[in-house]
Amino acid sequence: MRDYVSEHLHEWVDLIFGYKQALHLRPHVIHGAVRHVLVRHEQGAGHAAEGYAHVSGKPGVAMVTSGPGATNLVTPLMDAFMDSIPMVAITGQVPTAAIGSDAFQECDTVGITRSCTKHNELVMSADEIPMAIRQAFHIATTGRPGPTLVDIPKDALTNEMEWYWPTDEEVQAALPGYRPNTKGHPRMIKEAAKLILASERPIVYAGGGILKARAAQALRELVELIDAHVVTTLMARGAFPDEHPLCLGMPGMHGNASAITAMQQSDLLITLGARFDDRITGKVDAFAPEAKIIHVDVDPAEQGKVRRPDVPIVGDANYVILEIIREIKELLQGGTRQADTSAWKSKISGWREQFPMTYEPSEPGGLLKPQYCIEQLNKYAPKGTIVASGVGQHQMYTSQYWKFNDPYTWVNSGGLGTMGFSIPAAIGAKAAMPDRTVWAVDGDGCFQMTATELVTATLEKLPIKVALLNNSFLGMVRQWQEMFYDERYSSVFLDSANVPNFVMMAESMGCVGILVESPEEVGPAIERANSINDRTVVVEFRTDATEGVFPMVPAGAGNSELILHPTQSDPTRTLQPEPKPIDTKLKDAH
Amino acid sequence: MARTRDVSGARTANTYSADMNHHILSVLVQNRPGVLARVSGLFARRGYNIFSLAVAPAEEEGRSRITIVVDLDSAPLEQITKQLFKLIDVIKISELDPSRSVERELLIATVKAAGPKLADVSTLAEIFEGKIIAVAEDLVTVSLEGHPDKLDDFEDLLGRHGIVELQRTGRVALPKLDRSSRHRSTALRQPH
Ligand SMILES: Cc1ncc(C[n+]2csc(CCOP(=O)(O)OP(=O)(O)O)c2C)c(N)n1
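Residues numbered from 1 in each chain as written. Chains lettered and ligands numbered in written order. Predicted model: local features only at pLDDT ≥ 70, side-chain atom pairs only at ≥ 80, totals over all residues. Heavy atoms only, no water.

**Q** Let's hear about the overall build of chain A: which residues, and what values?
**A** Tallying secondary structure elements over chain A gives 24 helices and 17 strands in all. Relative to the globule expectation of 25 Å for 590 residues, the C-alpha radius of gyration of chain A, 25 Å, shows essentially globular dimensions. Structurally, chain A occupies a C-alpha span of about 75 × 65 × 45 Å along its principal axes. Counting the 590 residues in chain A, one finds 61% classified as buried. A separation threshold of at least 6 residues defines the contact pool for chain A, and within that pool the share at least 24 residues apart is 73%. Summed over all atoms, the accessible surface of chain A reaches about 22,300 Å², with 52% contributed by carbon and sulfur. Chain A carries 51 positive and 70 negative side-chain charges, and their two centres are separated by 4 Å. (Helix = DSSP H or I, 4+ residues; strand = E, 2+ residues; numbered from the N terminus. Rg over C-alpha atoms; globule rule 2.2 N^0.38 Å. Buried < 20%, exposed > 50% of the residue type's maximum accessible area, 1.4 Å probe, protein only. Contact = heavy atoms within 4.5 Å. Areas by Shrake-Rupley, 256 points an atom, 1.4 Å probe, with all protein chains shown as cover. Lys, Arg positive; Asp, Glu negative; His and termini not counted. Charge placed at Lys NZ, Arg CZ, Asp CG, Glu CD.)

Here is the structure:
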């Protein structure tokens, strides 16, 4: 019996993450040209595929068995869907004759994954497989990228057939309803250029689409041409260098004060591959009330979904940005003058000076601050280091305190906010970029969800480094309970300074475990971790549990109702023309 | 207006009403397994209301046409069509303004019609140009095809006789033709 899929898949991918596929598959794959990374849980395969795709731009592939294998893949599929990650899942299915009979390990995979894939398909015979796989790759990687899934019954996998790969033309002809628009409308592009030159308070609002479109270079060109400040969303960290004088960093719920306020008071948001997520806008009605909107997005459905754009441009961000640059240069050559933005720029400089990202450093002998750990990790990181994070306070600290200067060095779960993302995603990133240092920054809650993949890291020789910020709590939820629920703490204490013993846990999985309890130990521990390159290292930092993430816009509040770090709440310094009272009775769940 | 849940999970209303803020979408799709589930699943997931839905093979082989009457109070039409476009199997969407389209629907109903009442039902059917399609001792099954508003009136009047069972197909629609233009629907393309 031949297995055509694994015989031919290597023509498309060099690496897949998987777990016990339909029986015949694995031996072929292992002996073939495709590297198969055997994970310990299918969720790990999915997140690893995402991590791989995040840093390489190539589609990540996860291959799992039917029934529970497929259902374990649902979380990563949804994660990839929310963050527009190109990913192809191949799932085994019971034989065609058994479909619908509640056979052993049967599940309605295409039904279950319909709303968490860009497209999915159940193939019913061997000769449909090549086309289905080509379509899955085509759809996953074009237009707005996303996850696709091909469900292959056991008999379809092994029946006799004449293998062929359909051509690009054949693939497109078979998809008459799929024609992503990548070229922006020339009239709209011209309109955008005019608005940009006329704006006195422009802000470039850069989202993850910049990275998907590989438009970081074009973005920089545009920004420097028009000399406007940039905010980079959680999905776009690294798309524009943090150290560039025009970079304001992350906006949104835990963004920094100048990025949030600059957006809020801008007269033109040049929105590039971003989607006005509720974590960015806060209360939509109160968001950037005076701003006109240029919205560049490859997905037409994003135009006007949250905020009606004045200039909608459906197209590939790289193409459109280059066209806008061309139009602006033409206008400038034709004698159009750019509006004076100097007052605006000095206002922004004032905010940056008055409201930098800040935290209270530890007192001598005091508890370790998580922000300090991130700063030190960043300080000692070799050039090109990739950082993957879990979800929670540690994710926000990383985004806030790591200086991202290169694209594709930040891997995180933005839209779905999936705890447990970091370790498998870091393994996937390491598989794609074996020569780079890959740090996974994790929380003690997250770590306990997917740490089992450290076995994969050890046995598959994909040595990553894990910075485990152990605050003994589901810290982010604890912070909400503290701030919005009158300190009524409920089910957030994990007691993870006692159980489990993370160092022993790490060592049991073949990793080096290091415990850090005081600020003085931080630097040496990181240096030691960086010097070990043949094994995975887990550095557990015992951090101050009472620390909170600031600034913060409470859920459901407008962005002008920003809560600053307690040390910045000096009433003589104001961000707003008229500060508004903060409504702390918000009940929105995180 | 009474709301019920249909099998797809999308919210539906069980009656039409003249002032209802509805629009008709005629959606041409690739006739592939699961396409109806994709469309109805999208409506359910995004909270769009469907008033009625009819689906059958279209003129071209391998294509089906789905006629969906959507409730515009639940979401702006623009978002509904844009989200529909994202389904890979959706080839074309035509938005049919009720005033610029022809709409038809079929109703069949079994009503109580013992003795002399049979004549009343028969007259009613005749007035509406409906048909008697089956008669039993004290029951009669009638059918009527026509504009959905006309079916509403017919259903109302039949109600006085006591409806035992009733089934309507949901409306189908095509653009209205006139002398000057061959096609009056707005074919929605991906916006630029
Ligand atoms: C799978 C999953 N379950 C629950 C949540 C809700 N949630 C968001 S952050 C958080 C706490 C995370 O705790 P930890 O990993 O210890 O990180 P910390 O916030 O302490 O840095 C929780 C429970 C989630 N995002 N994902």
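Here the narrative resumes, following the displayed structure.
**Q** Give me the lowdown on the nonpolar core, citing residues and values where you can.
**A** Residues and elements named next belong to chain A. Among the nonpolar cores identified, the biggest contains 48 residues, and F17, I423, F447, L454, I464 and V466 are the most heavily contacted of them. Per element, the largest residue contribution to this core is 7 residues, and it comes from helix 19 (residues 422–432). Apart from residues no more than four positions distant in its own chain, V466 is found in contact with I423, W439, A440, D442, F447, L454, V537, V538 and V539. One finds V230, A239, I321 and I328 within the second-largest nonpolar core, a separate group that totals 40 residues. (Core = buried A, V, L, I, M, F, W, Y, C linked by side-chain atoms within 4.5 Å.)

**Q** Provide a residue-level description of the site of the ligand, including the pertinent values.
**A** Residues and elements named next belong to chain A. Around the ligand lies a shell of 17 residues, among which Q393, H394, G417, C446 and G475 are the nearest. Within the backbone of G417, an N or O atom sits 2.8 Å from a nitrogen atom of the ligand. Between the ligand and the protein, one listed contact pairs an oxygen atom with a backbone N or O atom of G475 at 2.8 Å. The protein chains hide 80% of the 590 Å² of surface that the ligand would expose on its own. Of all the elements in the fold, those that place two or more residues in the shell around the ligand are helix 18 (393–401), helix 20 (444–450) and helix 22 (475–484). (Near = heavy atom within 4 Å. Polar contact = N/O pair within 3.5 Å; in protein donor to acceptor, adjacent residues only side chain to side chain.)

**Q** How would you sum up the sheet that holds strand 7 (residues 202–206) of chain A? Please name residues and give values.
**A** Residue and element names in this part refer to chain A. Pairing is parallel across the open sheet formed by 5 strands, whose spatial order is 8-7-9-10-11. Two strands in the sheet have a free side with no partner beyond their single neighbour: strand 8 (229–232) and strand 11 (311–314). The mean inter-strand angle of the sheet, taken between neighbouring strand axes irrespective of direction, is 15°. Strand direction decides the pairing type here: strand 9 (residues 268–272) and strand 10 (residues 292–297), joined by 5 bridges, are parallel. (Pairing = 2+ DSSP bridges. Axes fitted to C-alpha atoms, helices over the stretch in contact; angles between N-to-C directions.)

**Q** Can you break down the sheet that holds strand 1 (residues 15–19) of chain A residue by residue, with the values?
**A** All names here are of chain A. Taking strand neighbours across the sheet as the criterion, the 6 strands line up as 2-1-3-4-6-5 in an open arrangement whose pairing is parallel. Each edge of the sheet is formed by a strand with only one pairing partner; in this case those strands are strand 2 (35–38) and strand 5 (119–122). Each neighbouring strand pair of the sheet contributes to a mean axis angle of 20°, computed without reference to strand direction. One ladder, built from 5 bridges, connects strand 3 (residues 60–64) with strand 4 (residues 87–93); its direction is parallel. Bridge pairing in strand 4 links V64 to T91. With respect to the sheet, helix 7 (residues 129–141) is in contact with strand 3, strand 4, strand 5 and strand 6 (147–153), its orientation differing from that of strand 6 by roughly 165°.

**Q** Run through a nonpolar patch on the surface, naming residues and quoting values.
**A** Taken together, the side chains of L106, I108 and I133 of chain B define a hydrophobic patch exposed on the protein surface, amounting to about 230 Å² of accessible area. Here L106 of chain B lies in strand 7 (residues 101–112). (Patch = residues over 30% accessible without salt bridge, like charges linked within 9 Å, V, L, I, M, F, W, Y side chains within 5 Å. Salt bridge = Lys/Arg side-chain N within 4 Å of Asp/Glu carboxyl O.)

**Q** Kindly report on the interface of chain A and chain B, identifying the contributing residues and their values.
**A** In this assembly, 25 residues from chain A lie in contact with 19 residues from chain B. Together, the buried faces of chain A and chain B total about 1,900 Å²; carbon and sulfur atoms form 51% of this surface. If you look at where chain A meets chain B, you find 3 salt bridges. When the shortest N-O distance is used, the salt bridge between D299 of chain A and K86 of chain B registers 2.5 Å. Contributions of two or more residues to the side of chain A that touches chain B are made by strand 5, helix 7 and strand 11 of chain A. Ranked by residue count, the leading element in the side of chain A that touches chain B is strand 5 of chain A, at 3 residues. (Buried area = accessible area lost by both parts, 1.4 Å probe.)

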